[in-house]
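Topology and contacts: notes
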Amino acid sequence: MQINTVGVVGAGTMGNGIAQICAMTGLNVIMVDISTAALLRAEQSIGSSLDKLLRKGSLDESGKRDVLGHLRYSTDKNELVDADLVIEAATEAESLKLAILRDIDAIVGPKTVIASNTSSISITKLAAATTRPDRFIGMHFFNPVPVMALVELIRGLQTSDSTQTAAEEFVSRIHKTAISAKNSPGFAVNRILVPMINEAVFVLQEGLASAEHIDEGMRLGCNHPIGPLALADLIGLDTLLAVMEVFYNNFKDSKYRPAPLLREMVEAGYLGRKSGRGFFRYA
Ligand code: 3HC
């Protein structure tokens with residue numbers, strides 16, 4: 001399947017990263033969000049990520065202009081009409097994603113593949129909201145997208161072999177490595193990672209160690225690049241809570257109960273880096 005134009009729906013952290021790496025590999029990208037402010041922030045965030053690459057010398061000024069020239073931003077979903085692949089990267093809320101996917105499905109051509117960057121929601125259920133469940137797949141990116149090498153591909157019950165192959169080809173085209181996981185809450189990577197972060201919040205809540213020492217412990221003792229609480233701040237505490245809720249509600253197993261402190265931080269609006277405060281503070 002020939003992919004020339006990629007639609008990215010949702011101008012949050014993940015959507016921005018996905019749009020950027022697609023544009024960096026010469027794909028035309030149309031980014032859609034209902035909020036003009038979010039699109040403006042996306043433009044700035046992609047610009048500053050490209051500037052990091054400029055400073056490192058892995059991109060020059062004309063390369064940067066070229067990448068920017070491959071990106072379009074719009075609040076009008078109808079602009080997705082020409083996309084060969086649409087990646088939904090909206091907030092991690094099932095009803096919202098289902099509504100967005102129905103809209104996308106009604107706009108794009110019958111051959112277009114639709115993918116969701118969901119962190120935990122059933123791909124089978126999301127696929128069923130479209131009229132092309134065979135051309136639907138989970139495409140789970142990792143934050144920060146320009147740096148992280150992995151894309152986890154998740155087949156719903158309905159996903160066809162040709163959609164899986166097209167997704168694998170797309171992942172190598174954007175210079176990432178794909179792993180395949182079955183459709184189950186949180187798939188493979190988040191099923192391991194998110195309960196580990198949730199446990200770090202329990203350790204903090206129980207006063208067993210300070211936030212700094214929990215993170216230092218995991219960095220120096222387990223060679224993690226950043227500690228679990230700093231990682232929570234990077235991912236977004238609201239996203240982590242949503243993923244834990246999906247685990248808890250689906251597996252009905254108390255081992256997946258969200259740490260009360262995680263819930264309270266979200267209630268307070270301490271969402272991590274994006275709100276300037278999470279387990280740590282950000283300028
Ligand atoms: N764009 C471009 N480059 C970036 C970047 C961005 N947004 N963010 C970081 N970088 C680059 C920096 O320029 C730097 O490059 P260099 O080594 O060539 O100079 C390099 O990445 C390292 O960055 P920093 O020196 O600023 O900081 P760190 O050494 O702490 O590295 C990190 C940053 C790569 C994010 C590292 O901390 C890390 O690997 N953290 C763990 C990330 C992780 O686990 N992500 C997965 C989250 S789970 C997820 O996303 C799934 C979801 O569903 C929940």
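As annotated in an unreviewed UniProt entry, the protein carries the name 3-hydroxybutyryl-CoA dehydrogenase and comes from Pseudomonas fluorescens. In its Sequence similarities (unreviewed entry) section, UniProt records this for the protein: "Belongs to the 3-hydroxyacyl-CoA dehydrogenase family."

Topic: helix α2 (residues 36-56)
Taking 1.5 Å per residue as the helical rise, α2 with its 21 residues ought to reach 30 Å, and the 31 Å between its terminal C-alpha atoms agrees with that figure. If you check which residues of α2 are buried, you get Ala38, Leu39, Ala42, Ile46, Gly47, Ser49, Leu50 and Leu53. In this structure, the buried residues of α2 make contact with α1 (13-24), β2 (28-32), α3 (61-69) and β3 (71-74). You can read the cap of α2 off the contacts: a side-chain oxygen lies 3.3 Å from the backbone nitrogen of Ala37, and it is on Ser35.

Notes on the sheet that holds strand β8 (residues 177-182)
Backbone-to-backbone hydrogen bonds pair the strands of a sheet. The strands run either parallel or antiparallel. Read across the sheet, eight strands follow the order β3-β2-β1-β4-β5-β6-β7-β8 without closing on themselves; strand pairing throughout is mixed. Every interior strand has two partners, whereas the edge strands, β3 and β8, have only one. Averaged over all adjacent pairs, the angle separating strand axes in this sheet is 25°, with direction ignored. In terms of strand pairing, strand β1 (residues 5-9) meets strand β4 (residues 85-88) through four bridges, oriented parallel. Bridge pairing in β4 places Val8 opposite Ile87. Each of β1, β2, β3, β4 and β6 (136-141) is contacted by α1, which is oriented at about 165° to β2, the strand it contacts most. In the packing of helix α4 (residues 94-107) onto the sheet, contacts are made with β1, β4, β5 (113-116) and β6, and the angle to β4 comes to roughly 165°.

Calculation rules
Residues numbered from 1 in each chain as written. Predicted model: local features only at pLDDT ≥ 70, side-chain atom pairs only at ≥ 80, totals over all residues. Heavy atoms only, no water. UniProt positions renumbered as here; feature names shortened; annotations may be inferred. Helix = DSSP H or I, 4+ residues; strand = E, 2+ residues; numbered from the N terminus. Expected span 1.5 Å × (residues − 1). Buried < 20%, exposed > 50% of the residue type's maximum accessible area, 1.4 Å probe, protein only. Contact = heavy atoms within 4.5 Å. Polar contact = N/O pair within 3.5 Å; in protein donor to acceptor, adjacent residues only side chain to side chain. Pairing = 2+ DSSP bridges. Axes fitted to C-alpha atoms, helices over the stretch in contact; angles between N-to-C directions.

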